[in-house]
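# Structural description and commentary
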Amino acid sequence: MTFEPLQRQIDNFATERDWDQFHLPRSLILALQSELGELAEIVQWTPDSRMDAEWLAEHRDRLSEEMSDVLIYLLRLASVLEIDLEAAVTHKIDANAQKYPVEKARGSAKKYTEL
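Everything numeric here is computed off the predicted structure, so don't read it as measured data.

A few words now on the environment of Y100. Its place among the elements puts Y100 in the loop between α4 (85-99) and α5 (102-105). Once you skip the residues sitting within four places of it in the chain, Y100 turns out to touch A105, K110, K111, Y112 and L115.

All right, on to a nonpolar patch on the surface then. Among the surface-exposed residues, L6, L71 and L74 lie close enough to one another that they form a single nonpolar patch of about 210 Å² accessible area. Position of L74 among the secondary structure elements: in helix α3 (residues 53-80).

Next up on the list: the confidence of the model for the protein. Averaged over all residues, the pLDDT of the protein equals 96, while 100% of them reach at least 70. The least confident element of the protein, judged by mean pLDDT, is α5 at 93; the most confident is helix α2 (residues 25-43) at 98.

Looking at the element boundaries, L115 is found in the segment after α5. Classification of L115 by relative accessible area gives partly exposed; the value is 31%. Remark: the alpha-carbon pair of L115 and N12, spanning 103 residues in sequence, is separated by 45 Å. Ignoring anything within four residues of it in the chain, the contact list for L115 reads K99, Y100, K104, A105, S108 and K110.

Rules behind the numbers
Residues numbered from 1 in each chain as written. Predicted model: local features only at pLDDT ≥ 70, side-chain atom pairs only at ≥ 80, totals over all residues. Heavy atoms only, no water. Helix = DSSP H or I, 4+ residues; strand = E, 2+ residues; numbered from the N terminus. Contact = heavy atoms within 4.5 Å. Patch = residues over 30% accessible without salt bridge, like charges linked within 9 Å, V, L, I, M, F, W, Y side chains within 5 Å. Areas by Shrake-Rupley, 256 points an atom, 1.4 Å probe, with all protein chains shown as cover. Salt bridge = Lys/Arg side-chain N within 4 Å of Asp/Glu carboxyl O. pLDDT = per-residue confidence, 0-100. Buried < 20%, exposed > 50% of the residue type's maximum accessible area, 1.4 Å probe, protein only.

Here it is in structure tokens:
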């Protein structure tokens, strides 16, 4: 897993347009939140029982577009904050493995403090 090529592409896109001046952490976080809202809006009033293969086929393009927007803003934020997202994700997965050992967490939605 490596985000570096995507981050470079996203950073270059912003730099070529002189958008670095606008891509401050607060602004990027708010943009990320807005895009998550747009993603949530797609499913907001759709019952789980309706989200079948037909529904997914009908909404796949919009889901893909909104998920891409979320990832773009997240990668841009990581770049601006100089966070190695790959290392952070690996660290978080390792930490979660400690909090949620398979023998206690398998099939459970409980928080680690309740296991």
